[in-house]
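# Per-entry structural report
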Amino acid sequence: MIRLPALVLLSAIVVATPAIAAAPSPDYAARVARVLRATPLIDGHNDWPETLRENEGDKRWTLDLTDLSATPGRYNTDINRLRKGMVGGQFWSVWVSPELPGDEQVIQTLEQIDLVRSIVGRYPHAFVLARTAADVRRAHASGRIASMIGVEGGGQIDGSLSVLRTYAALGAGYLTLTHSRTIDWADSATDDPKHGGLTEFGKQVVRELNRLGMLVDLAHVSESVMRDAIAVSSAPVIFSHSSARAVNDHPRNVSDDVLRLLKANGGVVMVNYATPYVSDAYRRWAADSSAEKTRLNAPPFGGLDIGQPEKAAADYAEWLKAHPAPRVTLSEVADHIEHIAKVAGVDHVGIGSDFDGVGGQLPEGLADVSTYPALLVELMRRGWSDADVAKLAGGNLLRVMEAAEKASKTS
């Protein structure tokens, strides 16, 4: 064996192994920008219209919506931040309270649709109404945000297919079959069941949605309704803002069994950012927090501090110091996306943030509509290809919209 002096040996190693040098970091931001220039980023659910109604009253018709960032706790959305987030399409929710009488729900839904159309009309440089996948693509090509309408609750049709048809004529693109309450024809995920799924009228609603080319939205519904709707629908369904139940066992989320049905149906789950649906730890903490408030003051008969709201508030503040809310992060949202992609396939997952509808219960890193690129960057760091990120961002939903349009011609 020939022994070389140590310095000579070290020099030889350095010269002979240039490939060991660190490769330059991939420019994820540039990759995301490239993807979103070619494919519109479409969010399945944003409650901005309702938040404007709640916060501004009649001022909602004239308020300058360009920049609302001075009150970040008040709004997650404005035009400047939508631009920063490279948003290409948005389903604006026209939610109204399911506690209202049916006829009042219809009136308020029409007012909410009017507000969306008014916003689009006031800012034609930023928004354009869209109903079809082709509309979305044209809007994206013109540099504007395709604005679609989602009716978030079956109670909002007041048991009338004629009302549903009117919403469709005004541009509504989906109907969420229930919101937080079970209704006369469908069970909610967050209320006691009454029907064991869809009634016969509920199945008629699904068929009429198919005929109209509107998407059947299964966010908020019970698992039995999910199964019934998927079985009845002749078009792919969506979950406009739901997550993976295997990651967080909340009944609003989608089980692996239903994900497998969804794959066969061709639909898409658009992952929700709301912390109770993202994090199991946060879900459990939220339940404990609610229980503590009830334990302290639950008039007229219950609570350690009953009838003493100031004392109850002080005692609850002490409880919070000892039991702070768990952190919830962008990475956990990515975990839901990856789980759905693993079980149902990358063709069946999208984004449904629920911005401006969750009272600030949002993960770190996803505080407003400017942050979509950060989520896509995280997935690229995990090894997602540009093509798969494009599917998540909007390609999958566009495919579902096209399939629903095709099914409407034969329904």
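Heads up: these notes are all about the structure in this document. Please read all numbers here as calculations on a predicted model, not as lab measurements.

This next bit is on the pattern of salt bridges. Two side chains carrying opposite charge are able to pair once their charged atoms lie near each other. Taken as a whole and assessed by the stated rule, the structure comprises 29 salt bridges. In this structure, Asp386 and Arg31 form a salt bridge, with 2.6 Å as the shortest nitrogen-oxygen distance. Of this pair, Asp386 sits in helix α16 (residues 386-408) while Arg31 is found in helix α2 (residues 28-38), placing the two residues 355 residues apart along the sequence. The class of Asp386 is partly exposed, set by a relative accessible area of 26%. Put simply, Arg245 and Asp249 hold a salt bridge, and the shortest N to O gap is 2.6 Å. Residue class for Arg245 comes out partly exposed when judged on its relative accessible area of 25%. Look at the salt bridges and you will find they share partners, linking Asp335, Glu338, Glu378, Arg381 and Arg382 into a network.

Another aspect to go through is unusual backbone geometry. For the bond from Pro299 to Pro300, the omega torsion is 10 degrees, close enough to zero to count as cis. Within the secondary structure, Pro300 is located in the loop between α12 (280-296) and α13 (309-322). The phi torsion at Asp158 lies on the positive side, around 55 degrees, for a residue other than glycine. By the element assignment, Asp158 lies in the loop between β4 (145-151) and α7 (161-169). Backbone geometry at Asp356 places phi at a positive 60 degrees, although glycine is not the residue there. Judged by relative accessible area, Asp356 falls into the buried class, the value being 9%.

Now for the pairing of strand β5 (residues 172-176). Each regular strand shows side chains that alternate between the opposite faces of the sheet. Most of β5 is tucked away: five of the five residues are buried. Summarising the sheet, β4 and β5 pair through three bridges and their orientation is parallel. Bridge pairing in β5 places Gly150 opposite Tyr174. Across three bridges, β5 lies against strand β6 (residues 215-217) in parallel orientation. Bridging from a neighbouring strand, Thr176 pairs with Asp217 of β6. In this region the chain leaves β5, passes through helix α8 (residues 200-212) and returns to the parallel neighbour β6; the handedness of that crossover is right-handed.

With that settled, the discussion passes to the packing of aromatic side chains. Tallied over the full model, the rule gives nine aromatic pairs. Considering the side-chain rings of Phe91 and Tyr174, the 4.8 Å spacing of their centres and the 45 degrees angle between planes classify their relative orientation as tilted. Of this pair, Phe91 sits in strand β2 (residues 87-93) while Tyr174 sits in strand β5; the two residues are 83 residues apart in sequence, bridging distant segments of the chain. In terms of burial, Phe91 and Tyr174 fall into one category: buried. When the centroid spacing of 5.8 Å and the interplanar angle of 15 degrees are considered together, the rings of Tyr316 and Trp319 count as stacked. With Tyr316 and Trp319 both in helix α13 and three residues apart, this pair spans about one turn of that helix. As far as the burial class goes, Tyr316 and Trp319 line up, both buried.

Attention shifts here to the packing of helix α6 (residues 133-141) against α16. As a packed pair, α6 and α16 sit with axes 8 Å apart at the nearest point and diverge in direction by 140 degrees. Here α6 is positioned oblique relative to α16, judged by the angle of their axes. Where α6 abuts α16, its residues Ala133, Val136 and Arg137 lie against Leu398, Met401, Glu402 and Glu405. Tallied by class, the residues present in the contact of α6 with α16 amount to four nonpolar, no polar and three charged.

For the rest of this paragraph, the subject is α7. Along α7, the residues classified as buried are Leu161, Val163, Leu164, Tyr167 and Ala168. Here the buried residues of α7 occupy an arc of 155 degrees about the axis, which is enough to place them on one side. Each element contacted by the buried residues of α7 is listed here: α5 (102-122), β4, β5 and α8. Between the side-chain oxygen at the start of α7 and the backbone nitrogen of Ser162 there is a gap of 3.2 Å, and the oxygen is on Ser160.

Okay, helix α3 (residues 48-56) next. A large share of α3 lies buried, amounting to seven of its nine residues. Of all the residues in α3, the buried ones are Trp48, Pro49, Glu50, Thr51, Leu52, Arg53 and Glu56. Buried residues in α3 make contact with β1 (41-46), β2, α5 and β3 (127-129). Directly after α3, the chain includes Gly57, whose backbone phi takes a positive value near 60 degrees.

Rules behind the numbers
Residues numbered from 1 in each chain as written. Predicted model: local features only at pLDDT ≥ 70, side-chain atom pairs only at ≥ 80, totals over all residues. Heavy atoms only, no water. Salt bridge = Lys/Arg side-chain N within 4 Å of Asp/Glu carboxyl O. Helix = DSSP H or I, 4+ residues; strand = E, 2+ residues; numbered from the N terminus. Buried < 20%, exposed > 50% of the residue type's maximum accessible area, 1.4 Å probe, protein only. Pairing = 2+ DSSP bridges. Right-handed = clockwise from strand over helix to strand, strands pointing away. Phe/Tyr/Trp six-rings, centres within 6.5 Å; stacked < 30°, edge-to-face > 60°. Axes fitted to C-alpha atoms, helices over the stretch in contact; angles between N-to-C directions. Parallel < 35°, antiparallel > 145°, perpendicular 65-115°, else oblique. Contact = heavy atoms within 4.5 Å. Nonpolar A, V, L, I, M, F, W, Y, C, P; charged D, E, K, R; others polar. Arc of directions from axis to C-beta. Polar contact = N/O pair within 3.5 Å; in protein donor to acceptor, adjacent residues only side chain to side chain.

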